[in-house]
Amino acid sequence: MLVPSCHMMHVGGAMLLLLGLLSVADTETPPKFLRTPNDQTGVQGGVASFICQATGDPRPKIVWNKKGKKVSNQRFEVIEFDDGSGSVLRIQPLRTPRDEAIYECVASNTVGETSASTRLTVLREDQLPPGFPTIDMGPQLKVVERTRTATMLCAASGNPDPDISWFKDFLPVNTTNNNGRIKQLRSGALQIEQSEEADQGKYECVATNNDGTRYSAPANLYVRVRRVPPRFSIPPTDNEIMPGGSVNITCVAVGSPMPYVKWMLGAEDLTPEDDMPIGRNVLELTDVRQSANYTCVAMSTLGVIEAVAQITVKALPKPPGTPVVTERTATSITLTWDSGNPEPVSYYIIQHKSKFSEDTYKEIDGVATTRYSVGGLSPYSDYEFRVVAVNNIGRGPASEAIEAKTAEQAPSTAPRQVRGRMLSSTTAIIHWDEPEEANGQIMGYRVYYTMEPGLHVNLWEKQIVRGANFLTIPGLTPNKTYYIKVLAFTSVGDGPMSPDLQIIAKTGVPSQPTDFKAEAKSETSILLSWIPPVQNGQDNQITGYELLYKKGDDKEEKRISFEPTTTFLLKDLKPFTTYTFLLAARSKHGIGAYTNEISAETPQTQPSAPPQDVKCYSPSSTNILVSWLPPPVELQNGIITKYAVHYAAIEGEDTSSRQISDLPPESSQYLLENLEKWTEYRVSVSAHTDVGPGPESLPVLIRTDEDVPSGPPRKVEVEAVNSSSIKVIWRSPVPNRQHGQIRGYQVHYVKMVNGEPTGQPVIKDILIDDAQWEYDDSTEHVRDDRYRAPGRNHVLRRRGSVHY
């Protein structure tokens, strides 16, 4: 498979080479000038520089000619650009008339040739025109620290004011391609920020105007580099790894000049001499089997320094010794163990779980000693414990597990399912089940009974039962109700008593239902469930049940009778309300004892009534203040969590419904703002519970207050009636800019002389009677000054117009 692959690579390479040659041939271009030399007038003894740059493929060669021949003179120097794009022809010192000539820059490659010519004029000092540039202040020798700012000064004068440019080492300074690091200031000075060693050189300031060009004396800029011996900025660090592991060790050194960095193992060089990095060296170690010291060496002309990294090969810790139980309580086990490791460990992890549980071990992390008390355990329960050691490599294997049982405690729950029945009119038998949380070995039970439940339980009759979970109580008084409690006890103490069991000393009457529970099934229903009393023989069969229940703090109880069953769904209840229940079984001999009272609460639902007394008031032309009271308490069906105000304009362009939500439950008013002026709105309010919103209140219709019109009368027309009267006709403003009922108009007029107003304007108030209020947009209003009888308004109804 390898040979065909190599063959394909050679073929592919040949094809790529051919394509590359074709591509090169296709892109060959003749020379094209990027910059051509400009005519120049210099001064005898001074300097002239001509710049020529060209592009092309292949890169063109540039030759300078004087009068058609290649320049050759000790005073003529050609300086190449660093990127090879062109060169500068520099002539120094200038001589007249021998240097005055036409100079030519010729750029040529294999594709073609092009040329550009320029003229040099050289004047003696006594021939210079009065506006010829002079250098008033040239650059001076300067020394600057690397990274600091250097400023080379230059000031020149002439008429017109000369332009200033700069040369460095006889090449023009580029101030456009260095991210603003090198720039020429408005004063002409050259500013170099973040100076580098490459900025060092000979600088000339050149002043040019229409009369000619003058060069300053050159000045050197020296960039001083600080000399700093090598030091470690990131020294190598020690590491501990597992056998066969890998690790990278980093070593970084700095200085000026920057030092070379290498790694050594003893006397052995780990870094090749010809590939030694500067400043930073990362040693990659793989499959490390033994500990060793590695030395990082940093060296420069100013010194050699060393730093050592210790690599320790370390294995995972061994398992600790089997833990030993030294102390136990009902909820904790105290363990001690031997480390089992010759070297110190970082910490231990204790793992534990219930002995008979299928769950994974729970872990207690970060144990710093070899003794620890594990708490939060269940009384009289079996657990498994084991210990894990951890070092900086990782966690080792667990120790052998040990089993331990927590100590006993008094029962934390009462006996379950306490139930009873009458064996005769004077003898009862009571049964019960073991407590759910016995917390130890049950030593026995205490059964308390009385006819007077108001007495302290210590004054009740009491019998102790051992080795059984039932008791027969003889000698009861017939037809009396007895109250019975049962508790369990261990060797440590007594548990809590069971709820009262009531039993009537009457043959054939059922005992109490047991495990009576109530659970809300919906906002309006509660499901009741229970275990029926024990029934003996056909003569004692349960024929039904009697349920007593009431709502909250109501004094009135409701009674319901129903057929034998073990569940009953009570419906048509009120949401978000607590109900209490009592239940008794019934046989043909009568009703047995009622259960103890239990309660349940129906959940919340949405309010079934809206907020009350919703009122609206318009305090301004753009606002409506909405106020309300909460829904009736009995119809809130929960806790009011917020209110919402709903509103919509019933006229105008925008009649969409809007809503202000999430108003706090304690709020009782809200100001609707930025409404349309003189507009009728429909407003309603709704209340919310966590379940959702209730119904909206009946809408209240309210109009925002009037405001001054925001639009002028339209289609104002003026007509001269005679030499002393004019008639003014207009239409009312656009309806949506009237903002109220138009009650009148003002007509302003002033006498004009030669196109200029003279005197104060006269204002005529025109009031509209109530009978004349119009909403018709086509209504025209006419003011005719022919009808000027004092105190009289003449109204003529013609073509829908009103005339005054």
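Residues numbered from 1 in each chain as written. Predicted model: local features only at pLDDT ≥ 70, side-chain atom pairs only at ≥ 80, totals over all residues. Heavy atoms only, no water.

Enquirer: Which parts of the structure should I look at to understand the packing of aromatic side chains?
Expert: A ring pair, where both rings are aromatic, is described by two values, the distance of the centres and the angle of the planes. According to the stated counting rule, one finds 16 aromatic pairs in the structure shown. When the centroid spacing of 6.1 Å and the interplanar angle of 35 degrees are considered together, the rings of phenylalanine 76 and tyrosine 103 count as tilted. Remark: tyrosine 103 occurs in strand S8 (residues 101-108) and phenylalanine 76 occurs in strand S6 (residues 76-80); sequence separation between them is 27 residues. For phenylalanine 76, a relative accessible area of 11% translates into the label buried. Residue classification places tyrosine 103 among the buried positions, given a relative accessible area of 0%. Ring centres of phenylalanine 167 and tyrosine 215 lie 5.9 Å apart, and the angle between their planes is 45 degrees; on these two criteria the pair is classed as tilted. A residue pair is termed long-range when its members are at least 10 positions apart, and phenylalanine 167 in strand S14 (residues 163-168) and tyrosine 215 in strand S19 (residues 212-215) qualify at 48 residues. The cationic tip of lysine 353 hangs over the ring face of tyrosine 361; the distance from NZ or CZ to the ring centre is 5.7 Å. The lysine or arginine in question, arginine 703, covers the ring of tryptophan 678, its NZ or CZ lying 4.8 Å from the ring centre. (Phe/Tyr/Trp six-rings, centres within 6.5 Å; stacked < 30°, edge-to-face > 60°. Helix = DSSP H or I, 4+ residues; strand = E, 2+ residues; numbered from the N terminus. Buried < 20%, exposed > 50% of the residue type's maximum accessible area, 1.4 Å probe, protein only. Lys NZ or Arg CZ within 6 Å of the ring centre and 35° of its normal.)

Enquirer: Honestly, the environment of threonine 336 in this entry has me stumped. Any pointers?
Expert: Mapped onto the secondary structure, threonine 336 falls in strand S30 (residues 333-336). Sequence-wise, threonine 336 and tyrosine 482 are 146 residues apart; in three dimensions their C-alpha atoms are separated by 55 Å. Setting aside anything within four residues of it in sequence, one finds threonine 336 in contact with Thr322, Pro323, Val324, Thr326, Thr370 and Arg371. (Contact = heavy atoms within 4.5 Å.)

Enquirer: Would you mind going over the UniProt feature "domain: Ig-like" (unreviewed entry) in the protein chain with me for this structure?
Expert: The sites that carry the UniProt feature "domain: Ig-like" (unreviewed entry) are, in the present numbering, residues 31-121, 133-222 and 230-312. Taken end to end, residues 133-222 is 0% helix and 50% strand, and its first and last C-alpha atoms sit 28 Å apart. (UniProt positions renumbered as here; feature names shortened; annotations may be inferred.)

Enquirer: How do you make sense of the confidence of the model for the protein chain when you look at a structure like this?
Expert: Close inspection of predicted coordinates is inappropriate for parts of the model with low pLDDT. Averaged over all residues, the pLDDT of the protein chain is 88; the fraction at 70 or higher stands at 92%. Ignoring residues within four places in sequence, the model shows residues 1-25, a span with pLDDT below 50, making zero contacts including any to other chains. Confidence over residues 771-778 falls short of pLDDT 50; this stretch has 16 contacts with residues more than four positions distant or in other chains. (pLDDT = per-residue confidence, 0-100.)

Enquirer: Could you clarify how one ought to interpret the sheet that holds strand S4 (residues 61-66) in this entry?
Expert: Sheets are built from strands that pair by backbone hydrogen bonding, the pairs being arranged parallel or antiparallel. With respect to topology, five strands assemble into an open sheet ordered S2-S9-S8-S4-S5, the strand pairing being mixed. In this open sheet, the two strands that pair with only one neighbour each are strand S2 (40-43) and strand S5 (69-70). Looking at chain direction, S2 and strand S9 (residues 113-123) are connected through four bridges and run parallel. Each bridged residue has a counterpart across the sheet, and for glycine 42 the counterpart in S9 is valine 122. (Pairing = 2+ DSSP bridges.)

Enquirer: I'm lost on a nonpolar patch on the surface in this one. Help?
Expert: On the surface, Leu141, Val143 and Tyr222 cluster together to form a nonpolar patch covering roughly 310 Å² of accessible area. Mapping tyrosine 222 onto the fold places it in strand S20 (residues 219-224). (Patch = residues over 30% accessible without salt bridge, like charges linked within 9 Å, V, L, I, M, F, W, Y side chains within 5 Å. Areas by Shrake-Rupley, 256 points an atom, 1.4 Å probe, with all protein chains shown as cover. Salt bridge = Lys/Arg side-chain N within 4 Å of Asp/Glu carboxyl O.)

Enquirer: Please explain the pattern of salt bridges as it appears in this structure.
Expert: Any two side chains of opposite charge can pair if their charged atoms end up close together. What the rule picks out here adds up to 29 salt bridges. Where arginine 214 meets glutamate 125, a salt bridge forms, and the shortest distance between an N and an O atom there is 3.5 Å. Here arginine 214 is found in strand S19, whereas its partner glutamate 125 is found in the loop between S9 and strand S10 (134-137), with 89 residues between them in sequence. For glutamate 125, a relative accessible area of 49% corresponds to the partly exposed category. Note that lysine 615 and aspartate 613 form a salt bridge whose closest N and O atoms lie 3.8 Å from each other. Residue classification places lysine 615 among the partly exposed residues on the basis of a relative accessible area of 46%.

Enquirer: Explanation requested: the state of the cysteines in the structure shown.
Expert: Think of a disulfide as a covalent bridge from one cysteine sulfur atom to another cysteine sulfur atom. For the structure shown, the criterion picks out three disulfides. The disulfide bridge from cysteine 52 ends at cysteine 105, spanning 1.9 Å between sulfur atoms. The S-S bond linking cysteine 52 to cysteine 105 shows a torsion near -75 degrees; that makes this disulfide left-handed. Here cysteine 52, found in strand S3 (residues 48-57), pairs with cysteine 105, found in strand S8; they are 53 residues apart in sequence, far enough to count as distant. Residue classification places cysteine 105 among the buried residues on the basis of a relative accessible area of 0%. In this model cysteine 154 forms its disulfide with cysteine 205; the gap between the sulfur atoms is 1.7 Å. Here cysteine 154, found in the loop between strand S12 (150-152) and strand S13 (155-157), pairs with cysteine 205, found in strand S18 (residues 201-209); they are 51 residues apart in sequence, far enough to count as distant. On the basis of relative accessibility, which here comes to 4%, the residue cysteine 154 falls in the buried class. Residue cysteine 205 is classed as buried on the basis of its relative accessible area, which comes to 0%. The cystine pairing of the protein chain, numbering bonded cysteines in sequence order, is 1-2, 3-4, 5-6. (Disulfide = S-S within 2.5 Å.)

Enquirer: Help me understand the pairing of strand S31 (residues 347-354), please; the structure alone is not making it clear to me.
Expert: Working note: regular strand, side chains alternate between the two faces of the sheet. Most of S31 is tucked away, with six of its eight residues classed as buried. Pairing of S31 with strand S34 (residues 382-390), which is carried by eight bridges, proceeds in the antiparallel orientation. Bridge pairing in S34 places lysine 353 opposite glutamate 384. As paired elements, S31 and strand S32 (residues 362-367) share four bridges and run antiparallel to each other. In the sheet register, histidine 352 faces S32, and the bridge partner there is lysine 362.

Enquirer: What should I look at first to understand unusual backbone geometry in this one?
Expert: The bulk of non-glycine residues show a negative phi, and the bulk of peptide bonds are trans. Residue proline 58 is bonded to the preceding aspartate 57 through a cis peptide linkage, with omega at 5 degrees. For lysine 67, which is not glycine, the phi torsion reads 55 degrees and is therefore positive. Inspection of the secondary structure puts lysine 67 in the loop between S4 and S5. Not every positive phi belongs to a glycine, and phenylalanine 170 is a case in point at roughly 75 degrees. On the secondary structure map, phenylalanine 170 appears in the loop between S14 and strand S15 (171-172).

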